[in-house]
Amino acid sequence: MINYKLLKQEFLLDPEITYLNFGSFGACPNLIFEEYQRLQKELEKEPVQFITRVGMKLLADSRKSLAEYTHCEMDDIVYVMNPSYAVNIVAKSFNLKEGDEILATNIEYGACDRAWDYYCKKVGAKYIRQKINLPLNSKQEIVKDLFLGCNEKTRLVFISHITSSTGLKLPAKEICQEAHRRGIMCFIDGAHVPGQIPLNLQDLDADFYTGACHKWMMTPKGSSFLFVKKDYQSMCEPLIVSWGYEALFPSESLFQDWHTIQGSRDFSAFLTIPKSIQFMQDNQWDKVAARNRSLVQSNAVRFLNLLEAEPICPISDEYLAQMFSIPIKAKEPENFYNHLFNNYKIEIPVMRQDDKLYLRYSIQAFNDQNDLDRLYEVLSIEKKSGTFII
Ligand SMILES: Cc1ncc(COP(=O)(O)O)c(C=O)c1O
């Protein structure tokens, strides 16, 4: 039996807050955060030894654990601070030319849209935000919608494995297959994936993949990774050129040297990843995730009814994991968010996606039915008052 009360106590979150936004920045259990602080203290005991020797060995051990967990070779992943960083490495290195196109969906994460737009505009290339029709109906239709935006100028397909404001699981494997069938490379933004749904990088066959460990793997902030297939590793130049470039004592992997040795920095957050994997195993995280998905789905219809909204996908494991986005018609969404937090102590994002708004709840081990009941009660009051909800 999983003791959810005990698990809840593990998290450092303020118990006064109804926390329904795990998706944005994760949250750290005590055990993992203590490991982080232990490592930082180790570092401060002997900074030279830690940063140049002991820590480097721990970093390799950590990559080995993460590689096993995500099913890839340990030298094919490098640690980066966040997915934006990973996208910038690839976009900056991609040698885009005037007229080239990057094909994405219209439901990507805003920061990644901006990164691609920036590098495309610099050289006269185009970042295409291809419309995916909502509600989602089938994997085939999603693939079809996306590839309507593909042509002979398309150099890369870039999509989220789980989208941000809409919280949708996209058919990443099928999209990679179709891109490859057309001879195009594929980059998957899996910021929300590790720790939320199983990830098998070998089976997925993406050419580039980024994941955030500090979200659903619950590690401290600033711990993410970039996976690159061997053939493209030499193409991925370091964003920060430092001692790892033309290293005095190169390792067997230029990819590792370039992206690991990036000047003086605290890389302790990366070192907590084995602890997080252990934590998830010890606490039967596959069962916890299934219970969370079930809470997400069993509450979906009543929120849709309350907000008089249509679902943006079938309510099933095929499209949903531990987040659910309800289309909402609201005035002043930023003020509405502040109002929910300041007046009711509910942390939940009101997210913009072009001209649409979504209220997205995330469910983690520390959440239970009471949290969603509280949200329902508050939304009912707000709907009646009409101040924010139209
Ligand atoms: C799809 C997606 N990509 C990337 C990110 C995170 O990127 P960053 O931490 O670099 O802002 C998020 C965060 O919510 C996301 O939802």
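Because the structure is predicted, anything quoted here is derived from the model rather than measured.

## Details of the site of the ligand
Link 1 in the chain: Residues in close proximity to the ligand include Asn82, Pro83, Ser84, Tyr109, Ser160, Ile162, Ser164, Asp189, Ala191, His192 and Lys215, which together make up its full environment.
Link 2 in the chain: Within the side chain of asparagine 82, one N or O atom sits 3.4 Å away from an oxygen atom of the ligand.
Link 3 in the chain: Protein burial of the ligand: of its 400 Å² of free accessible surface, 89% is covered by the chains.
Link 4 in the chain: Residue composition of the shell around the ligand, grouped by class: 4 nonpolar, 5 polar and 2 charged.

## Here we look at the sheet that holds strand 9 (residues 323-327)
Link 1 in the chain: Sheet architecture is open: 3 strands sit in the order 9-12-11, paired in antiparallel fashion. Looking at which strands have only one partner, the edges of the open sheet turn out to be strand 9 and strand 11 (350-353). The sheet shows a mean angle of 35° between the axes of neighbouring strands, taken without regard to direction.
Link 2 in the chain: In terms of strand pairing, strand 11 meets strand 12 (residues 356-362) through 4 bridges, oriented antiparallel. Across the sheet, residue arginine 352 finds its bridge partner in strand 12, namely leucine 357.

## Notes on the environment of glutamine 284
Link 1 in the chain: With respect to the helices, strands and loops of the structure, glutamine 284 is situated in the loop between helix 13 (273-282) and helix 14 (285-306).
Link 2 in the chain: In this structure the C-alpha to C-alpha distance between glutamine 284 and isoleucine 2, which are 282 residues apart in sequence, comes to 7.8 Å.

## Description of the domain arrangement of the protein chain
Link 1 in the chain: As assigned here, the protein chain comprises domain 1 (4-29 + 284-385) and domain 2 (63-267).
Link 2 in the chain: Computed from C-alpha coordinates alone, the two centres of domain 1 and domain 2 are separated by 27 Å.
Link 3 in the chain: The partner domain 2 presents 30 residues to the 32 residues of domain 1 that form the contact.
Link 4 in the chain: Between domain 1 and domain 2, roughly 2,400 Å² of surface is buried when both sides are summed, and carbon and sulfur atoms account for 55% of that area.

## Some remarks on empty space enclosed by the protein
Link 1 in the chain: Inspection of the entire model under this criterion finds 1 cavity of 30 Å³ or more.
Link 2 in the chain: Lining the largest cavity we find Asn133, Pro135, Leu136, Asn137, Ser138, Glu141, Ile142 and Asp145.
Link 3 in the chain: Tallied by class, residues from the lining of the largest cavity come to 3 nonpolar, 3 polar and 2 charged.

What counts and what doesn't
Residues numbered from 1 in each chain as written. Predicted model: local features only at pLDDT ≥ 70, side-chain atom pairs only at ≥ 80, totals over all residues. Heavy atoms only, no water. Near = heavy atom within 4 Å. Polar contact = N/O pair within 3.5 Å; in protein donor to acceptor, adjacent residues only side chain to side chain. Areas by Shrake-Rupley, 256 points an atom, 1.4 Å probe, with all protein chains shown as cover. Nonpolar A, V, L, I, M, F, W, Y, C, P; charged D, E, K, R; others polar. Pairing = 2+ DSSP bridges. Helix = DSSP H or I, 4+ residues; strand = E, 2+ residues; numbered from the N terminus. Axes fitted to C-alpha atoms, helices over the stretch in contact; angles between N-to-C directions. Domains from an automatic or database assignment. Contact = heavy atoms within 4.5 Å. Buried area = accessible area lost by both parts, 1.4 Å probe. 1 Å grid on protein atoms, 1.4 Å probe; cavity = no way out; pocket = protein on both sides within 12 Å on 5 of 7 lines; lining within 4 Å. Points joined across faces, edges and corners; volume = space filled by probe spheres on them.

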